[in-house]
Amino acid sequence: MRLIFTALFALSASPAFAASGPFFSLKNTDFVVLIAFLILVGIMLYLKVPKAIGDMLDKRAASIKSELDEAKALREEAQSLLASYERKQKEVQAQAERIVASAKDEATKAAATAKEEIATSITRRLAAAEEQIASAQAAAVKDVRDQAVVVAVGAAKDVIAKQMDAKSAGSLIDDSIATVADKLH
């Protein structure tokens with residue numbers, strides 16, 4: 001039925017009706033073209049070209065549909081991978097924040113420990129310095145006393161030497177011998 005309507009439509013729209021002279025003559029080019037066209041359409045229908053074209057279009061549509069399905073599957077897979085990577089990124093970010101917080105806490109504790117150690121070290125050094133100062137003071141006092149004794153002995157020697165004559169030297173020696181004898185016995 002469809003074929004009949006197509007053929008009638010083709011005949012009614014043909015320019016053959018506009019030509020002059022007998023239409024059904026081989027001398028009329030419009031008639032010859034119409035017959036050649038009908039033969040071509042007949043050969044195409046006999047060889048089932050429209051069905052082959054339809055099958056090819058169906059195959060093409062099926063391949064396009066399968067490509068679209070594959071693209072949808074790939075898109076869904078990509079979206080799931082993206083979500084997975086975003087989730088992993090958030091986990092890594094949280095872990096990095098925990099590491100930074102832990103490092104800050106450790107740094108604070110290390111700074112406090114270092115301050116305590118420095119304070120202890122300063123206290124020890126101050127105590128050692130005070131001991132050195134006290135030792136130096138004691139050594140200086142001892143040196144001054146020793147020097148004072150040496151100066152006093154030298155001064156006493158000079159004074160005694162100036163005031164001593166032979167008689168007082170003899171009596172001083174006798175007194176010294178008696179003191180030594182008393183202390184030894």
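It should be emphasised that the depicted structure is a prediction, and the values quoted were computed from it without experimental measurement.

Chemist: If you had to explain the overall build of the chain to someone new, which residues and values would you point to?
Modeler: When its secondary structure is counted, the chain shows 4 helices and 0 strands. When the elements of the chain are put in sequence order from the N terminus, they spell out α-α-α-α. Going through the 185 residues of the chain one by one, you find that 5% of them count as buried. Element-wise, carbon and sulfur atoms account for 66% of the exposed surface of the chain, whose accessible area totals about 16,400 Å².

Chemist: So, the pattern of salt bridges: which residues are in play, and what are the values?
Modeler: Two side chains of opposite charge can pair, provided their charged atoms sit close to one another. Evaluation of the coordinates by the stated rule reveals 2 salt bridges. With a shortest N-O distance of 3.7 Å, Asp146 and Lys142 are connected by a salt bridge. One end of the pair, Asp146, and the other, Lys142, are both in helix H3 (residues 49–163), 4 residues apart, so they sit about a helical turn from each other. Given a relative accessible area of 39%, Asp146 falls into the partly exposed group.

Chemist: Describe a nonpolar patch on the surface, naming the residues involved and giving the relevant values.
Modeler: A cluster of nonpolar side chains, contributed by Leu26, Val32, Ile35, Ile39, Ile43, Tyr46 and Leu47, occupies part of the molecular surface with about 750 Å² of accessible area. Overall, Tyr46 belongs to the exposed group, its relative accessible area being 70%.

Chemist: How would you summarise unusual backbone geometry if you had to cite specific residues and measurements?
Modeler: You will see that Lys48, though not glycine, has its phi angle at about 60°, which is positive. For Lys48, the location among the structural elements is in the loop between helix H2 (29–46) and H3.

Chemist: Account for H2, with residues named and values stated.
Modeler: Within an α-helix, residues lying three or four positions from one another point in the same direction, as the helix has 3.6 residues per turn. If you check H2, its first and last C-alpha atoms are 25 Å apart, about what 18 residues at 1.5 Å a residue would give, namely 26 Å. Between the side-chain oxygen at the start of H2 and the backbone nitrogen of Asp30 there is a gap of 3.1 Å, and the oxygen is on Asn28. One or two positions beyond H2, positive phi appears at Lys48, with a value near 60°.

Chemist: Before we move on, could you go through the confidence of the model for the chain and cite the residues and values that matter?
Modeler: In this model, the chain carries an average pLDDT of 85, and 89% of its residues clear a pLDDT of 70 or more. Predicted confidence in the chain is weakest over helix H1 (residues 2–12), with a mean pLDDT of 62, and strongest over H2, with 92.

Calculation rules
- Residues numbered from 1 in each chain as written.
- Predicted model: local features only at pLDDT ≥ 70, side-chain atom pairs only at ≥ 80, totals over all residues.
- Heavy atoms only, no water.
- Helix = DSSP H or I, 4+ residues; strand = E, 2+ residues; numbered from the N terminus.
- Buried < 20%, exposed > 50% of the residue type's maximum accessible area, 1.4 Å probe, protein only.
- Areas by Shrake-Rupley, 256 points an atom, 1.4 Å probe, with all protein chains shown as cover.
- Salt bridge = Lys/Arg side-chain N within 4 Å of Asp/Glu carboxyl O.
- Patch = residues over 30% accessible without salt bridge, like charges linked within 9 Å, V, L, I, M, F, W, Y side chains within 5 Å.
- Expected span 1.5 Å × (residues − 1).
- Polar contact = N/O pair within 3.5 Å; in protein donor to acceptor, adjacent residues only side chain to side chain.
- pLDDT = per-residue confidence, 0-100.

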